[in-house]
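Summary of structural features
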Amino acid sequence: MAKADSGLNFLLARQSGPTGDADCGPLCVVSGDEAFLKREVLLALRGALVGEGDADLAWSVFVGREADWRDVRDALTAVSLFGGGARAALVEDADTFVTAHRQQLEAFVEKPPAGATLVLDVKSWNGSTRLAKAAASAGGLAIKCQAPDRGAELAAYKRQTKQWLVARARHPHGAKLEPAAAETLLELLPLSLGVLDQEVAKLALLAVTEKPSVAGAENRQAATAGVIDAPLVQQHVGGWRTRKTWDMIDAMADGDAAGALGQLDRLLLAGEQPIGLLAQVGSTLRRFSAAACLVAQAEAAGRRGSLRQAIEQAGVIKFKLGDAERQLKQIGRGRAACIDRWLLEADLAMKGHNSTPARARIELERLIARLSKAADPRRAATRPATR
């Protein structure tokens, strides 16, 4: 049967395995629209199928819209004068090629030349077609290079991305990426492997050249050289706007309405869109809501809920646990339980009656006001009455 795999799984498996030993059957299909991941998978496939020695002689590349089936077939059946049994051909942008030569491809898969593998680079691959089923019966390999949109698949993809980033930092960048730093990268940057890889390459250089940030650690330079930790990521990734967004979120969680409104004003003047800022705000505030819910569930079951443990279970990275615990205490259980509803109301308003940037700003300001110290009902209860 054909082996179906994700691009990240394939790369992680290849990092520890030898080259020149891939069992892809006669047909290997690489599908999806994650360009960087596709490129890395195809490079790994080349090394796995034909090795490093005479790879240029055994590996042929064709452009799908221009490729003729006879030329592709000849590349897969021709015997090299310089020896070597494995032969592979890659057809790039092969969607139209598959449509035009489906019958020839089916015949090739049913009776492939010994030691030959055809690699197809396509945007989409339907596993229910006759060609896909024939490839399945022949033991072909289908690799999907695409980030899922939501749900359990997205969570699994993010876990694989963190594993890949740690391995990628080690080779080829020669650095040690700590798990908390990988988590921070995914929080600060879009889920684009090319962007993430560029940042890891930059951080690998900074990790060697920068001094440790720990106070009194002058003699730790050699020990920390090449180590990418979460503070280094926070300091250098994302640029001015990203740092200001995190400053605004921290001010909101601290109940500092004036500080949060000031940061919001700077971000909007710099061109940030309110709906985009709400998404970043929501990803942090929902963790406070989840932590409060976990504590309430523990208490309802007759257990004493640990605030620190609940915050960690809600997904807060370890080096931020202390700040998050203090911020959740400031927000309070009552308001934390309302956060999901407030975020939903703001999202619906920004997509409805307050969709213009000027009116969408009101929703962010309302959220800041609701989390401010002045709006804390616990403070209002203890405030002396005035006549």
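1. Regarding the overall build of the protein
Counting its secondary structure elements, the protein contains 20 helices and eight strands. The long-range share in the protein, meaning contacts at least 24 apart out of those at least 6 apart in sequence, stands at 75%. For the protein, the exposed area adds up to about 20300 Å²; of that, 52% sits on carbon and sulfur atoms.

2. So, the pattern of salt bridges
Pairing is possible between side chains of opposite charge, provided their charged atoms come close. Scanning all chains against the criterion turns up 25 salt bridges. In this structure, Glu325 engages Arg308 in a salt bridge whose closest nitrogen and oxygen atoms are separated by 2.9 Å. A residue pair is termed long-range when its members are at least 10 positions apart, and Glu325 in helix 17 (residues 321-331) and Arg308 in helix 16 (residues 307-313) qualify at 17 residues. The buried category is assigned to Glu325, whose relative accessible area is 18%. Between Asp323 and Arg326 there is a salt bridge, with the nearest N and O atoms lying 3.4 Å from each other. One end of the pair is Asp323 and the other is Arg326, both in helix 17 and three residues apart, which spans about a single turn. By relative accessible area, Asp323 is classed as partly exposed at 33%. Bridged by salt links that share partners, the residues Arg39, Glu40, Arg168 and Asp197 form one connected network.

3. Some details on the packing of aromatic side chains
One pass over the full model with this rule turns up three aromatic pairs. Geometrically, the ring pair formed by Phe36 and Trp164 is edge-to-face, given 6.0 Å between the ring centres and 75° between the ring planes. In this pair, Phe36 is assigned in helix 2 (residues 35-50) and Trp164 in helix 8 (residues 151-170), connecting sequence segments 128 residues apart. For the pair Phe36 and Trp164, a shared accessibility class is recorded, and that class is buried. Look at Trp69 and Phe97: their rings are 6.4 Å apart centre to centre, the planes differ by 40°, and that puts the pair in the tilted class.

4. Looking at the packing of helix 18 (residues 333-350) against helix 19 (residues 357-371)
As a packed pair, helix 18 and helix 19 sit with axes 9 Å apart at the nearest point and diverge in direction by 170°. Between helix 18 and helix 19, the crossing angle belongs to the class labelled roughly antiparallel. When helix 18 is examined against helix 19, the residues Arg335, Trp342, Leu343, Glu345, Ala346, Ala349 and Met350 are found in contact with a partner set consisting of Ala360, Glu363, Leu364, Leu367, Arg370 and Leu371.

5. Points about the side chain of Thr117
Along the chain, Thr117 turns up in strand 5 (residues 116-122). Within the local environment of Thr117, its side chain forms a polar contact with the backbone oxygen of Gly25, the two atoms lying 3.2 Å apart. Here Thr117 is in contact with Cys24, Gly25, Pro26, Cys28, Leu49, Leu76, Arg87, Ala88 and Ala89, once residues within four sequence places are set aside.

6. So, the environment of Glu110
Within the secondary structure layout, Glu110 lies in helix 6 (residues 102-110). With a relative accessible area of 61%, Glu110 lands in the exposed category. Glu110 sits 24 residues away from Ala134 along the chain, and the two C-alpha atoms are 6.9 Å apart.

7. Quick word on the pairing of strand 5
Here strand 5 lies mainly inside the structure; seven of its seven residues are buried. Both faces of strand 5 are covered, namely the face carrying Ala116, Leu118, Leu120 and Val122 and the face carrying Thr117, Val119 and Asp121. Where strand 2 (residues 27-31) lies against strand 5, five bridges are found, and the strand directions are parallel. The partner of Leu27 across the bridge, within strand 5, is Leu118. Sheet analysis places strand 4 (residues 87-92) next to strand 5, joined by five bridges and oriented parallel.

8. Brief notes about the side chain of Thr161
Mapped onto the elements of the fold, Thr161 is located in helix 8. If sequence neighbours within four positions are ignored, Thr161 has contacts with Leu8, Leu186, Leu191, Leu193 and Leu196.

9. Quick word on the nonpolar core
Membership of the largest hydrophobic core comes to 82 residues, with the highest contact counts inside it found for Val41, Leu45, Val119, Leu185, Ile228, Met252 and Leu285. Leave out the neighbours within four places in its chain, and Leu45 touches Phe10, Cys24, Cys28, Val30, Val119 and Ile143. Core analysis: the second largest hydrophobic core is formed by 23 residues, Val29, Leu76, Ala94 and Val122 among them.

10. Some remarks on helix 8
For helix 8, built from 20 residues, the straight-helix expectation of 28 Å at 1.5 Å per residue is met to within 8% by its first-to-last C-alpha distance of 30 Å. Within the span of helix 8, buried status applies to Leu154, Tyr157, Gln160, Thr161, Trp164, Leu165, Ala167, Arg168 and Ala169.

11. A short note on the confidence of the model for the protein
In the predicted model, the protein carries a mean pLDDT of 84, and 87% of its residues have values of at least 70. For the protein, helix 11 (residues 221-224) is the element with the lowest average pLDDT, namely 42, and strand 2 is the one with the highest, namely 95. Below a pLDDT of 50 lies the segment residues 211-224, which in the model reaches nine contacts outside its immediate sequence neighbourhood of four places, other chains included.

12. Some thoughts on unusual backbone geometry
Of note, the bond from His171 into Pro172 is cis; its omega dihedral lies within 30 degrees of zero at 20°. In this fold, Pro172 is placed in the loop between helix 8 and strand 7 (176-177).

13. Quick word on the environment of Ala94
Within the fold, Ala94 resides in the loop between strand 4 and helix 5 (95-100). The class for Ala94 is buried, based on a relative accessible area of 0%. Linking Ala94 and Arg65, residues 29 residues apart in sequence, is a C-alpha distance of 7.1 Å. Once you skip the residues sitting within four places of it in the chain, Ala94 turns out to touch Gly64, Leu120, Asp121 and Val122.

Procedures and definitions
Residues numbered from 1 in each chain as written. Predicted model: local features only at pLDDT ≥ 70, side-chain atom pairs only at ≥ 80, totals over all residues. Heavy atoms only, no water. Helix = DSSP H or I, 4+ residues; strand = E, 2+ residues; numbered from the N terminus. Contact = heavy atoms within 4.5 Å. Areas by Shrake-Rupley, 256 points an atom, 1.4 Å probe, with all protein chains shown as cover. Salt bridge = Lys/Arg side-chain N within 4 Å of Asp/Glu carboxyl O. Buried < 20%, exposed > 50% of the residue type's maximum accessible area, 1.4 Å probe, protein only. Phe/Tyr/Trp six-rings, centres within 6.5 Å; stacked < 30°, edge-to-face > 60°. Axes fitted to C-alpha atoms, helices over the stretch in contact; angles between N-to-C directions. Parallel < 35°, antiparallel > 145°, perpendicular 65-115°, else oblique. Polar contact = N/O pair within 3.5 Å; in protein donor to acceptor, adjacent residues only side chain to side chain. Pairing = 2+ DSSP bridges. Core = buried A, V, L, I, M, F, W, Y, C linked by side-chain atoms within 4.5 Å. Expected span 1.5 Å × (residues − 1). pLDDT = per-residue confidence, 0-100.

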